[in-house]
Amino acid sequence: MTLILPTISFLILMPTIDAKLAQTITLNNGYKMPIIGLGTFESDPGDNERAVGDAIAIGYRHIDTAYFYKNEKEVGNAVRTKIAEGLIKREDIFVTTKLWSTFHEPGYVEKAFKRSFDNLNLTYIDLYLIHYPVPFQRLLKNDSFSVNDVSSFQLSPVDENGNTLTADVDYLIVWHAMEKLVESGQVRSIGLSNFNSEQTERVLSNSKIKPVTNQVECHPNLNQRKLIEFSTARNVTITAYSPLGRPSSSNGKKLAIFDPKVLELAKKYNKTPAQIILRYTIQNGAIVIPKSTNKNRMKENFNIFDFELSNSDMQFMHQLNNNYRLFEYSSEKNHKYYPFNIEF
Ligand code: A2P
C-alpha cells in the first residue's frame, strides 16, 4: 500500500529557504531545530573536534552526539571555539546528546546527564534523548570502584557468550527523570531514540512533557513512512540517523545510494546520489543527521536546500524501501522493550 505523504510534515519541513543556514522546524515546545545536523557516531576521536568546527563554518547549526559515542568533550570544545571566534552565539546552535542504557535506573539518569552536561560544557543542552528503550546492567569496569562515577561502568555489558546483559527498568520511570531535568533548566527539550510507535504512545499518554522527537534509523531502504506519519500526527518529529545508510559499511547490501536509478536522478537534478537521498528523507518528513568528518562531504550533504524532488521522483524513491535495518542488536530481541519486533 502506498502511504499518502502527511501534508503537515511537508508543510512544517518546508519553511522559507535560506541558502546559507539550514531551515528549522518548530518543535512541540516552541524551540526551533535545524532540519539537518551533523552526526558524530564513530567519528574518529582525534578528528572529531576539527570536523565539528568545519561543520559549523560550513553552516551546520545542529550537532548530534551521545555519551555512548565518547566524543562529547570534543563536540563541546569545537562549539565553544566557534563561539569564542565570534562565528556563532550559543543560541545559534542546537546540540543533542543522549542518555545511555546503563543509566536508566533511578538516580543514575541525573548522574549520567550531569556527566554529559559537564563534558559538553555549553551552559545548557538543547536536546537530551533516551538513547534506546532497553536498559542494560551496570557492570563496573575492571579497574573501577566508584559506583558514583558513571564513567566507572561498562557501556556494553555482555555475558560469557557475548549477549547483552539487559536490566528491568520501565522507560516511563526514565522519562519522568528526564522531565525533572527540563525543570532544572539545564536542558531545553527531551526526546526518544529507537522507540517504536507503541512505546512512543505510552510515553505520550503518561507524561507532563512530550518528547519533541524520536531519533530512529531512517534512509530510503528503511523509509519509516508509517512511523513518520504516526509521529507527525502526534506532533513528535522524526530525526533520521544513518540517513545515507552507512555506505562505508554496507557489506554488499543494495543501498539506495548505489542504485543506478538514483544515480540517474542525481544527474537529472545536477546533484550527487547522497544529496538525492538526504533531500528525499527531508521531503519524506524527517530531520537528517548525516555523519561525516570529511569537509567536502559535509559541504555536499549540507547543500540540499536549492532543489526539490518532484512528486513522481518521490514516488520512485518511496518504492526503494525494503525495510532493511542496519542496526538490529539481535541479542536483545527477547527483551520486553526491544523496539523492533513490531512493524513500526
Ligand atoms: P566520511 O566520514 O568519511 O565522510 P550515515 O550518516 O548514513 O551513517 O553514513 C555515514 C558514512 O557515510 C560515513 O562512513 C561517511 O564517511 C560516509 N559519507 C558521509 N557523507 C557521504 C557522502 N556525501 N557520500 C558518500 N559517503 C558519505
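Coordinates for the structure precede this section.
Predicted, not measured: the structure shown is a model, and the values here were computed from it.

Undergrad: So what's going on with the pairing of strand E5 (residues 94–99)? Residues and values would help.
TA: With respect to burial, E5 is a largely interior element, six of its six residues being buried. Strand direction decides the pairing type here: strand E4 (residues 62–64) and E5, joined by three bridges, are parallel. When the sheet's bridge partners are listed, His-62 is paired in E5 with Phe-94. In this view, the connection linking E4 to its parallel neighbour E5 by way of helix H3 (residues 72–84) has right-handed handedness. Crossover E5 to strand E6 (residues 125–130) through helix H4 (residues 108–120) is right-handed.

Undergrad: How would you sum up the packing of helix H9 (residues 273–283) against helix H11 (residues 311–318)? Please name residues and give values.
TA: The packing of two helices is summarised by the inter-axis angle and the distance between the axes. Interaxial distance between H9 and H11 falls to 11 Å at its minimum, and their mutual angle equals 100°. When the axes of H9 and H11 are compared, the pair comes out roughly perpendicular. Taking contact as the criterion, the partners of Ile-276, Ile-277, Tyr-280 and Gln-283 in H9 are, on H11, Met-314, Met-317 and His-318. Among the residues forming the contact of H9 with H11, the class breakdown is five nonpolar, two polar and no charged.

Undergrad: Kindly report on the pairing of strand E8 (residues 213–217), identifying the contributing residues and their values.
TA: Across the five residues of E8, five count as buried, placing the element largely inside the fold. Here two bridges tie strand E7 (residues 187–193) to E8, and the two strands are oriented parallel to one another. Bridging from a neighbouring strand, Ser-193 pairs with Gln-215 of E8. Looking at chain direction, E8 and strand E9 (residues 237–241) are connected through five bridges and run parallel. Bridging from a neighbouring strand, Val-216 pairs with Ala-240 of E9. The parallel pair E8 and E9 is bridged by helix H7 (residues 225–233), and the resulting crossover is right-handed.

Undergrad: Tell me about H9, and please be specific about residues and values.
TA: Buried residues dominate H9, accounting for 11 of its 11 residues. Among the residues of H9, those classed as buried are Pro-273, Ala-274, Gln-275, Ile-276, Ile-277, Leu-278, Arg-279, Tyr-280, Thr-281, Ile-282 and Gln-283. Trailing H9 by a residue or two, Gly-285 shows a phi angle of about 105°, which is positive.

Undergrad: Quick rundown of the nonpolar core? Include the residues and the values.
TA: One recurring pattern in soluble globular proteins is that nonpolar side chains are buried together. Of all hydrophobic cores here, the largest spans 96 residues; its most connected members are Val-79, Phe-103, Tyr-128, Met-178, Ile-276 and Met-317. Here this core gets eight residues from one element, more than from any other, and that element is helix H5 (residues 171–184). Residues within four places of Met-317 in sequence aside, it is in contact with Pro-220, Val-262, Leu-265, Ile-276, Ile-277 and Tyr-280.

Undergrad: So what about the sheet that holds E4? Which residues, and what values?
TA: Read from one edge of the open sheet, eight strands run E3-E4-E5-E6-E7-E8-E9-E10, paired in parallel fashion. Pairing within the sheet leaves two strands with one partner each, and these edge strands are strand E3 (38–39) and strand E10 (286–288). Pairing of E3 with E4, which is carried by two bridges, proceeds in the parallel orientation. When the sheet's bridge partners are listed, Gly-39 is paired in E4 with Asp-64.

Parameters and conventions
Residues numbered from 1 in each chain as written. Predicted model: local features only at pLDDT ≥ 70, side-chain atom pairs only at ≥ 80, totals over all residues. Heavy atoms only, no water. Buried < 20%, exposed > 50% of the residue type's maximum accessible area, 1.4 Å probe, protein only. Helix = DSSP H or I, 4+ residues; strand = E, 2+ residues; numbered from the N terminus. Pairing = 2+ DSSP bridges. Right-handed = clockwise from strand over helix to strand, strands pointing away. Axes fitted to C-alpha atoms, helices over the stretch in contact; angles between N-to-C directions. Parallel < 35°, antiparallel > 145°, perpendicular 65-115°, else oblique. Contact = heavy atoms within 4.5 Å. Nonpolar A, V, L, I, M, F, W, Y, C, P; charged D, E, K, R; others polar. Core = buried A, V, L, I, M, F, W, Y, C linked by side-chain atoms within 4.5 Å.

Remember, this is a structural readout, not a statement about activity or role.
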